[in-house]
Amino acid sequence: IINADVVNPGEIKSWHDLLDPKWKGKIIWFDPSMAGSGFNGVSTLIYNKILDWDFYQQMVSRQQIQLTRDLRQQVEWLAQKKFHVAISAESTPVAEFIKAGVNLRRVVVKEGTYVSVTAGVVFINDKAPRPKATKIFINWLLSKEGQTLFSREALRESARVDIPTHDLDPLILRQPGEKYYPAANSIEKWIYEEQEKYQQMVRENFAPLLK
């Protein structure tokens, strides 16, 4: 995400453009060493071979990146122009600031991006009380009415293709022809067999920023 008052949307076309010295000290990243969008972003791009560890090592050593564990603060600081670029920013506060008139823009890079279901997963607790009521509620939540309400309030695109999107920022919508990769944490085998390994590798790579 960029603040388009200080960054030309055409300046960043690739992840590797962020290695330009002009972005030194101007990037805020949601801490990838903890569970959340930061870790999901790094692990997914590595898993799908979109980027490699050398790229992240260069980012850490050269760009004086600021890490944060406050998703709201990350977007506020971007809106206030304390930083010009935000990586792994949460879509809901971004959409709220855009709706309020702040000139934030999403950048689509040529390498593509990933799709994740983690912000909209539905699960049922085993042996939960009133299973019939639970089934009725979830059936409604996944209906057109339920998903329309969810999409409008959460400012997110539904997986259903019949849900209105006119109130959403067009840049968060899935676009025909763009490259999309499955998020690593949406793959059960990866979760059980590789997630811990990736967490350790991320912590080692970003260690200089965590001190």
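Above this text is the structure in question.
Here's what I pulled together on the structure shown here. Not measured: the values here are computed from a predicted model.

## Some thoughts on the overall build of the chain
Helix and strand content of the chain: nine helices and seven strands. The globule rule puts the C-alpha radius of gyration for 211 residues at 17 Å, and the 18 Å found for the chain is close to it. Projected onto its principal axes, the C-alpha positions of the chain cover 55 × 40 × 35 Å. By the burial criterion, 38% of the 211 residues in the chain qualify as buried. Carbon together with sulfur atoms contributes 52% to the accessible area of the chain, which is approximately 12,300 Å² in total.

## Considering the environment of phenylalanine 150
As for its placement among the helices and strands, phenylalanine 150 is situated in helix α6 (residues 144-154). With a relative accessible area of 29%, phenylalanine 150 lands in the partly exposed category. Separated by ten residues in the primary sequence, phenylalanine 150 and tryptophan 140 place their C-alpha atoms 11 Å from one another.

## Comments concerning the packing of helix α3 (residues 71-79) against helix α4 (residues 91-99)
At a minimum axis distance of 9 Å, the contact between α3 and α4 shows a crossing angle of 35 degrees. Viewed along their axes, α3 and α4 form a crossing whose handedness is right-handed. On α4, the residues touching Leu71, Arg72, Val75, Glu76 and Ala79 of α3 are Pro93, Val94, Glu96 and Phe97. Residue composition of the contact of α3 with α4, by class: six nonpolar, no polar and three charged.

## Overview of the side chain of arginine 106
Inspection of the secondary structure assignment puts arginine 106 in the loop between β5 (104-105) and β6 (113-115). Assessed through its relative accessible area of 14%, arginine 106 is described here as buried. Among residues more than four places away in sequence, those in contact with arginine 106 are Ile1, Ser91, Val94, Ala95, Ile98, Asp169, Leu171 and Ile172.

## What to know about the pattern of salt bridges
As enumerated under the stated definition, the model contains eleven salt bridges in all. Here glutamate 96 makes a salt bridge to arginine 72, at a shortest N to O gap of 2.5 Å. Of the two residues, glutamate 96 sits in helix α4 while arginine 72 sits in helix α3, which places them 24 residues apart along the sequence. Under the relative-accessibility criterion, arginine 72 is labelled partly exposed at 38%. With a closest N to O distance of 3.5 Å, arginine 174 and glutamate 157 form a salt bridge. A residue pair is termed long-range when its members are at least 10 positions apart, and arginine 174 in the loop between α6 and β7 (180-182) and glutamate 157 in the loop between α6 and β7 qualify at 17 residues. Owing to a relative accessible area of 38%, arginine 174 belongs among the partly exposed residues under this scheme. Linked through salt bridges whose partners overlap, the residues forming this network are Arg72, Glu76 and Glu96.

Definitions and limits used
- Residues numbered from 1 in each chain as written.
- Predicted model: local features only at pLDDT ≥ 70, side-chain atom pairs only at ≥ 80, totals over all residues.
- Heavy atoms only, no water.
- Helix = DSSP H or I, 4+ residues; strand = E, 2+ residues; numbered from the N terminus.
- Rg over C-alpha atoms; globule rule 2.2 N^0.38 Å.
- Buried < 20%, exposed > 50% of the residue type's maximum accessible area, 1.4 Å probe, protein only.
- Areas by Shrake-Rupley, 256 points an atom, 1.4 Å probe, with all protein chains shown as cover.
- Axes fitted to C-alpha atoms, helices over the stretch in contact; angles between N-to-C directions.
- Left-handed = near helix turned anticlockwise from the far one by under 90°.
- Contact = heavy atoms within 4.5 Å.
- Nonpolar A, V, L, I, M, F, W, Y, C, P; charged D, E, K, R; others polar.
- Salt bridge = Lys/Arg side-chain N within 4 Å of Asp/Glu carboxyl O.

Honestly, that's just the spatial picture; any functional story needs more than this.
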